[in-house]
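Here is what each chain is made of, one letter per residue.
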Amino acid sequence: MYTPEKVKLENASINYTKLVQTSAFRQLLRQKRNFILPCSLFFMAFYFTLPILTAYTTVLNQPAFASMTWAWIFAFAQFVMTWALCIFYTRRASKFDRLVETIKKEAALKED
């Protein structure tokens, strides 16, 4: 279990200036950026498409199934998309965590 004192002692022994200059740290940042940026852009585009289409067109007013329109289908799809992105990010975050552990081990070895 981490206590504030233990965290302070651990952090005090790490040279963060050198850590951020390592290739492993730059790889972590590159991988996170390459994942987060496209996902965020997709999410924003998907999210704002519904209000834009409903405000300026009648495309989504067409019946999809029985009396349900495409607007309702699209709105439900946003919930599904949000859950899918959360699951996708959680799985990818575990890979990022493994990279962080590798970086921490390398930093500890270099400090010794």
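Whatever comes next refers back to the structure up there.
Residues numbered from 1 in each chain as written. Predicted model: local features only at pLDDT ≥ 70, side-chain atom pairs only at ≥ 80, totals over all residues. Heavy atoms only, no water.

With that out of the way, let us pick up the overall build of the chain. Along its length, the chain carries four helices and two strands. Sequence-ordered secondary structure for the chain, helices as α and strands as β, is α-α-α-β-β-α. Expressed as a percentage of its 112 residues, the buried residues of the chain come to 19%. In the chain, of all internal contacts separated by at least 6 residues, the share reaching a separation of at least 24 is 64%. Of the roughly 9000 Å² of accessible surface on the chain, a fraction of 67% belongs to carbon and sulfur atoms. (Helix = DSSP H or I, 4+ residues; strand = E, 2+ residues; numbered from the N terminus. Buried < 20%, exposed > 50% of the residue type's maximum accessible area, 1.4 Å probe, protein only. Contact = heavy atoms within 4.5 Å. Areas by Shrake-Rupley, 256 points an atom, 1.4 Å probe, with all protein chains shown as cover.)

Take a nonpolar patch on the surface next. On the surface, M44, Y47, F48, I52 and Y56 cluster together into a nonpolar patch covering about 570 Å² of accessible area. Note on F48: relative accessible area 39%, which makes it partly exposed. (Patch = residues over 30% accessible without salt bridge, like charges linked within 9 Å, V, L, I, M, F, W, Y side chains within 5 Å. Salt bridge = Lys/Arg side-chain N within 4 Å of Asp/Glu carboxyl O.)

Let us look at the environment of A77. Structurally, A77 is set in helix α4 (residues 70–111). Residue A77 is classed as partly exposed on the basis of its relative accessible area, which comes to 25%. Residues A77 and Y47, 30 residues apart in the sequence, show an inter-C-alpha distance of 9.9 Å.

Looking at the element boundaries, Q78 is found in helix α4. Given the relative accessible area of 12%, Q78 is considered buried. In contact with Q78, other than residues within four places in its own chain, are F46, Y47 and L50.

A few words on the nonpolar core. Core analysis: the largest hydrophobic core is formed by 17 residues, its most contacted members being L28 and I103. Elements represented by at least two residues in this core include exactly α3 (23–56) and α4. (Core = buried A, V, L, I, M, F, W, Y, C linked by side-chain atoms within 4.5 Å.)

Applying the stated criterion across every chain yields a total of one salt bridge. The shortest N-O distance in the salt bridge between E101 and K104 comes to 3.5 Å. Linking E101 with K104, this pair stays in helix α4, spanning three residues, or about one helical turn. Classification of E101 as partly exposed rests on a relative accessible area of 39%.

Turning to the packing of aromatic side chains, a few remarks are in order. All told, the structure shown has eight aromatic pairs when counted by the stated rule. Judged by centre distance (6.2 Å) and plane angle (50°), the rings of F65 and W70 are tilted. When its relative accessible area of 54% is taken as the criterion, F65 is described as exposed. Residue class for W70 comes out partly exposed when judged on its relative accessible area of 38%. An aromatic cluster is defined as three or more aromatic residues linked by ring pairs; in this entry it consists of F35, F88, Y89 and F96. (Phe/Tyr/Trp six-rings, centres within 6.5 Å; stacked < 30°, edge-to-face > 60°.)

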